[in-house]
Amino acid sequence: MKIGIVCAMPGEARTLTGKPAQTGSIVQINDHSAIVRSGVGPENAFRATVTLARQCTIDAVLSWGCAAGLHPRLQPGDTLLPDRILHGNGESLQVDRGFHQDLLAQLSPLTVPLTSALISSDQPVASSARKTALHESSGALALDMETHAIGLAARQHSLPFAALRAVLDPLDQTVPGAALAGLRDDGSYDLRSGLAALLRSPGELPAMLSLAASSFRAHRALRIAGRQLRTGEML
């Protein structure tokens, strides 16, 4: 079985490859997996998944990366293996049951991921208040921007689909404006724009440092999950 992995950000790709992947370029990790980095958002994610399905012989698609926590019990570095993917338009996608169970079996017992709903948004959701509202309206435990689109593209190509996400920003952590100001469409970060935004709002510095610590924990969780799946020769 060969798994095609789709992620948005350079750091997410690095947890599996040891180096950032170029946006849109397929990187062969080994005989069991290949990865493509899509960039940010559903349009980029859908396009990258279609590219992966057309250009690489794969048997399943895995959405990989970080997510925002929507439930107060979720902390940075918690791992999620959602059983369904929701969207703000009311649509729901079921992940492939067999693929999901295989991933869960390989991750246990060292990693015990939460299995519940994840919701995808077309736009960043930065504030604690908006995260709370999404949890209350949908019941989802976590949020990202790409997984629903990845699932739609996988379904279009009749490929089994699942997702593995690690919590980065928990419910009580509002993402500072300076973090979003430097985010490019391809998932890279424009340091100059980010620093300029921070200079305009220096009070965001503690929140930026807190976000960096949360990011470290989330990416460490992804690296651990990747090692476990490679040990079981799933990746």
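As the structure is a computational prediction, the values presented were derived from the model and not from experiment.

Colleague: Tell me what's going on with the overall build of the protein chain, and back it up with residues and numbers.
Modeller: The helix and strand inventory of the protein chain stands at eight helices and 10 strands. In terms of C-alpha radius of gyration, the protein chain reaches 17 Å, essentially the compact-globule figure of 18 Å for 235 residues. Principal-axis analysis of the C-alpha atoms gives the protein chain an extent of 50 × 35 × 35 Å. The buried share of the protein chain, reckoned over its 235 residues, is 51%. Element-wise, carbon and sulfur atoms account for 52% of the exposed surface of the protein chain, whose accessible area totals about 10,400 Å². Once the 21 positive and 20 negative side-chain charges of the protein chain are each reduced to a mean point, those two points are 5 Å apart.

Colleague: Explain helix α8 (residues 205-231) to me, using residue names and the numbers behind them.
Modeller: Quick reminder: α-helices carry 3.6 residues per turn. Residues three or four places apart thus point the same way. Spanning 27 residues, α8 covers 39 Å between terminal C-alpha atoms, matching the ideal 39 Å at 1.5 Å per step. Listed as buried for α8 are M208, L211, S214, A218, H219, A221, L222, A225, G226, Q228 and L229. Downstream of α8 by one or two residues, E233 has phi in the positive range, about 60°.

Colleague: Describe the pairing of strand β2 (residues 26-30), listing the residues and the values that go with them.
Modeller: Here β2 pairs with strand β3 (residues 33-37) via four bridges, running antiparallel. Opposite Q28, over in β3, you have A34 as the bridge partner. With antiparallel pairing between neighbouring strands as the criterion, β2 and β3 make up a hairpin whose turn holds two residues.

Colleague: Please set out the packing of helix α3 (residues 97-107) against α8 residue by residue, giving values where relevant.
Modeller: Packing of α3 against α8 brings their axes to within 9 Å, and their N-to-C directions diverge by 100°. The pairing of α3 with α8 is recorded here as roughly perpendicular in orientation. Across the interface between the two elements, L103, Q106 and L107 from α3 touch A225, Q228 and L229 from α8. Of the residues in the contact of α3 with α8, the class split is four nonpolar, two polar and no charged.

Colleague: Run through the state of the cysteines, naming residues and quoting values.
Modeller: Enumeration according to the criterion identifies zero disulfides in this entry. Sulfur of C7: no disulfide; nearest cysteine sulfur belongs to C66 and is 9.6 Å away.

Colleague: Requested: an account of the environment of I3, with residues and values cited.
Modeller: Within the secondary structure, I3 is located in strand β1 (residues 3-7). For the pair I3 and L103, spaced 100 residues apart in the sequence, the C-alpha separation amounts to 11 Å. For I3, the contacting residues outside a window of four places in its chain are H32, S33, A34, I58, A60, L62, F99, M234 and L235.

The rules we used
- Residues numbered from 1 in each chain as written.
- Predicted model: local features only at pLDDT ≥ 70, side-chain atom pairs only at ≥ 80, totals over all residues.
- Heavy atoms only, no water.
- Helix = DSSP H or I, 4+ residues; strand = E, 2+ residues; numbered from the N terminus.
- Rg over C-alpha atoms; globule rule 2.2 N^0.38 Å.
- Buried < 20%, exposed > 50% of the residue type's maximum accessible area, 1.4 Å probe, protein only.
- Areas by Shrake-Rupley, 256 points an atom, 1.4 Å probe, with all protein chains shown as cover.
- Lys, Arg positive; Asp, Glu negative; His and termini not counted.
- Charge placed at Lys NZ, Arg CZ, Asp CG, Glu CD.
- Expected span 1.5 Å × (residues − 1).
- Pairing = 2+ DSSP bridges.
- Axes fitted to C-alpha atoms, helices over the stretch in contact; angles between N-to-C directions.
- Parallel < 35°, antiparallel > 145°, perpendicular 65-115°, else oblique.
- Contact = heavy atoms within 4.5 Å.
- Nonpolar A, V, L, I, M, F, W, Y, C, P; charged D, E, K, R; others polar.
- Disulfide = S-S within 2.5 Å.

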